[in-house]
Amino acid sequence: MKPMQKLTIPNDRMERLHYVKRMFPQAKGDDLNGEWAGGRSNALYKLHSIDAVSYAESHDYLDGSVTHLSPYLRYGCLTLSEAFAVIKRKFGLAAESLLMQFSWRDYWHQVWFAKGNAIYSEIEPPKVALGYAPLTDAIKQGETGLPCMDAFIGDLLTTGYVHNHARMWLASYIVHYLKMDWREAADWFEAHLLDGDIASNHLSWQWLASTFSSQPYSFNKEDLVAYAGEKYCAGCTANCPFDVSYEVLNARLFAEPAAAEAKSHVIKELPVRSASTHRAVAIYVHDEMLSPTNSLLTKPFPKIFVFDPELYSNWPLNRLQFVMDCLSEMMNVEVWIGDTYEVLMQRGVGEVITQTTANLKFKEMLSPFLTKWQPADKLVDLEMSAQELQRFFRYWGKAGPVLMADS
Ligand SMILES: Cc1cc2nc3c(=O)[nH]c(=O)nc-3n(C[C@H](O)[C@H](O)[C@H](O)COP(=O)(O)OP(=O)(O)OC[C@H]3O[C@@H](n4cnc5c(N)ncnc54)[C@H](O)[C@@H]3O)c2cc1C
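The structure presented is a predicted model; accordingly, all values stated were derived computationally and were not measured.

Points about the nonpolar core
(1) Moving on: Grouped together as the largest cluster of nonpolar side chains are 92 residues, with contacts concentrated most on Ile87, Phe102, Phe305, Phe307, Leu327 and Tyr395.
(2) Moving on: Not counting residues within four places of it along the chain, the set of residues in contact with Tyr395 comprises Ser103, Asp106, Tyr107, Gln110, Leu379, Val380, Met384, Glu388, Gly400 and Leu403.
(3) Moving on: If you look at the next biggest cluster of nonpolar residues, it comprises 42 residues, including Phe152, Val175, Ala185 and Ala228.

Regarding the packing of helix α8 (residues 147-158) against helix α9 (residues 164-177)
(1) Moving on: Remark: α8 packs on α9, axes separated minimally by 10 Å, with the N-to-C direction vectors making an angle of 115°. Note that α8 runs across α9; the crossing there is left-handed. Contact residues: Met149, Phe152 and Ile153 in α8; Ala166, Trp169, Leu170 and Tyr173 in α9.
(2) Moving on: Its residues assigned to classes, the contact of α8 with α9 shows seven nonpolar, no polar and no charged.

Thoughts on the site of the ligand
(1) Moving on: Tyr55, Thr67, His68, Asn164 and Asp195 are the nearest of the 27 residues found near the ligand.
(2) Moving on: At 3.0 Å from an oxygen atom of the ligand is found a main-chain nitrogen or oxygen belonging to Ser70.
(3) Moving on: The separation between a nitrogen atom of the ligand and a polar side-chain atom of Trp108 is 3.1 Å.
(4) Moving on: Protein chains shield 96% of the accessible area of the ligand, which is 810 Å² for the free molecule.
(5) Moving on: Elements that contribute at least two residues to the shell around the ligand include exactly α4 (70-74), α6 (96-115), α9 and α11 (198-209).
(6) Moving on: Examining the composition of the shell around the ligand, we find that six residues originate from one element, α6, more than from any other.

Re unusual backbone geometry
(1) Moving on: A positive phi angle, near 55°, is found at Lys179, a position not held by glycine.
(2) Moving on: Note that Lys179 resides in the loop between α9 and α10 (182-192).
(3) Moving on: The backbone of Ser210 sits at a positive phi, close to 90°, despite the residue not being glycine.
(4) Moving on: With respect to the helices and strands, the residue Ser210 is situated in the loop between α11 and α12 (221-228).
(5) Moving on: Ser210 gets classed as buried once you look at its relative accessible area, which sits at 0%.

Comments concerning the side chain of His176
(1) Moving on: Among the secondary structure elements, His176 is positioned in helix α9.
(2) Moving on: Given a relative accessible area of 0%, His176 falls into the buried group.
(3) Moving on: Of the polar contacts made by the side chain of His176, one reaches the backbone oxygen of Leu208; its length is 2.8 Å.
(4) Moving on: Excluding anything up to four places from it in sequence, His176 contacts Val128, Leu130, Leu208, Ala209, Pro216, Tyr217, Leu253 and Phe254.

Some remarks on the packing of α6 against α11
(1) Moving on: One can describe the packing of α6 onto α11 by two numbers: an axis separation of 9 Å at closest approach and a directional angle of 90°. On the basis of their axis angle, the class for α6 and α11 is roughly perpendicular. Across the interface between the two elements, Trp104, Arg105, Trp108, His109, Val111 and Trp112 from α6 touch Ile198, Ala199, Ser200, Leu203, Ser204 and Trp207 from α11.
(2) Moving on: Counted by class, the contact of α6 with α11 contains eight nonpolar, three polar and one charged residues.

Looking at the sheet that holds strand β3 (residues 303-307)
(1) Moving on: Spatially, six strands are ordered β1-β4-β3-β2-β5-β6 in an open sheet, and the strand pairing comes out mixed. A strand with exactly one partner marks an edge of an open sheet, and here the two such strands are β1 (5-7) and β6 (370-374). Neighbour to neighbour, the strand axes of the sheet diverge by 35° on average, direction disregarded.
(2) Moving on: Across five bridges, β3 lies against strand β4 (residues 333-337) in parallel orientation. Its bridge partner lying in β4, Lys303 is registered against Val333.
(3) Moving on: Where helix α15 (residues 317-328) meets the sheet, its contacts fall on β1, β3 and β4, and the angle it forms with β3 comes to roughly 170°.

Some thoughts on the domain arrangement of the protein
(1) Moving on: Taken domain by domain, the protein consists of domain 1 (1-31 + 270-376), domain 2 (38-119 + 381-404) and domain 3 (122-253).
(2) Moving on: If you average the C-alpha positions of domain 1 and of domain 2, the two centres end up 26 Å apart.
(3) Moving on: Listed by partner, the interface residues are 19 residues for domain 1 and 14 residues for domain 2.
(4) Moving on: For the pair domain 1 and domain 2, the two sides together bury roughly 1,400 Å², of which 60% comes from carbon and sulfur.
(5) Moving on: Close ionic contact of Asp287 with Arg74 constitutes a salt bridge, the shortest N to O distance being 3.2 Å.

What counts as what
- Residues numbered from 1 in each chain as written.
- Predicted model: local features only at pLDDT ≥ 70, side-chain atom pairs only at ≥ 80, totals over all residues.
- Heavy atoms only, no water.
- Core = buried A, V, L, I, M, F, W, Y, C linked by side-chain atoms within 4.5 Å.
- Buried < 20%, exposed > 50% of the residue type's maximum accessible area, 1.4 Å probe, protein only.
- Contact = heavy atoms within 4.5 Å.
- Axes fitted to C-alpha atoms, helices over the stretch in contact; angles between N-to-C directions.
- Helix = DSSP H or I, 4+ residues; strand = E, 2+ residues; numbered from the N terminus.
- Left-handed = near helix turned anticlockwise from the far one by under 90°.
- Nonpolar A, V, L, I, M, F, W, Y, C, P; charged D, E, K, R; others polar.
- Near = heavy atom within 4 Å.
- Polar contact = N/O pair within 3.5 Å; in protein donor to acceptor, adjacent residues only side chain to side chain.
- Areas by Shrake-Rupley, 256 points an atom, 1.4 Å probe, with all protein chains shown as cover.
- Parallel < 35°, antiparallel > 145°, perpendicular 65-115°, else oblique.
- Pairing = 2+ DSSP bridges.
- Domains from an automatic or database assignment.
- Buried area = accessible area lost by both parts, 1.4 Å probe.
- Salt bridge = Lys/Arg side-chain N within 4 Å of Asp/Glu carboxyl O.

In structure tokens form, the structure reads like this:
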């Protein structure tokens, strides 16, 4: 990444995409696909194009009618509650299936808020034997020799978008068939997703692995063909590991007794910085609040977003371009590249106001400043106990009746 500087984001989109390439020469991968242009206006267009009835019928199929809202929700171009409200108003109970999917996002985030960095490590003992082999280059480069898995990895590395079912199959293949370390795999996967979201990603891997669920998730060829058709299998000459019954599969994958794994994820700590003695107040804009309608942007203080290498040096090009699209709509936000501490010190900041987040990295970065955390959007304002957060169906048992009630 370039040395500390204030950026001037080009209005013209093509110029903007090139500008991101120049400013982030280390960023790997393809340009952001036109279909995924970032920002609130594109988010609203996608939101208002949703057909929740067709979603209910087809979203499990790879060519089904899914919303593609995930990156817009991830970066805060849309809040989950506004997406929920728009769909509920338009489709009522016919949208239950989509509204429940929205709630999965809320659920994972509530777990992240409750557990913090513990979500990087196994939350519960695995219910089946897991393996902890390192992730191979064949996985990282999409060269497993299985057309289905290589296509999913190809989507990940090029567009950054993978259908939910394909995410589940790929993750299950890595964790249960290949017995690789889910934590390394989850980090790798999240780092390449356009919608990369620590809670939805890491907790989904834990759910599949059985370290945050009561059983592992596995699949066979029949499942794959049911939801993907013959697309991958038709010309496949590989020795298919999935072409077996569940009986054989379970005996093959889960014959060993489960053994607890003690290793936990090491979180890199930031250098200790001395507390700021400056006086200016600023709104710190982070990457979960990228909407021009965010209420903090109306406050009479400078608004500052920082591409800090600590957070963004490993991001793929398309994700940086997506974020830059979002920022280009937020006229009154100063955008910097550099170390957050140094940027805020140079701007004479002693106090920051920002939106609360479960991402403890932001808390650590802002610790030298007096920080006022303002509430983030909440899909449902209910206290959830540890028990209720232990499984989605318990969360939904409490949240569902409130969320689905006639308003
Ligand atoms: C291994 C694995 C990793 C994942 N990593 C991420 C991630 O990093 N970021 C992310 O946003 N989602 C993640 N998901 C959840 C889900 O796959 C994506 O949210 C979804 O595929 C995005 O596409 P869509 O917007 O078209 O989804 P749709 O099916 O149209 O759903 C609408 C919205 O509901 C939410 N949603 C739907 N399913 C889930 C789910 N299972 N968990 C959480 N939210 C959900 C998303 O916000 C999504 O945008 C992951 C799932 C798995 C199995």
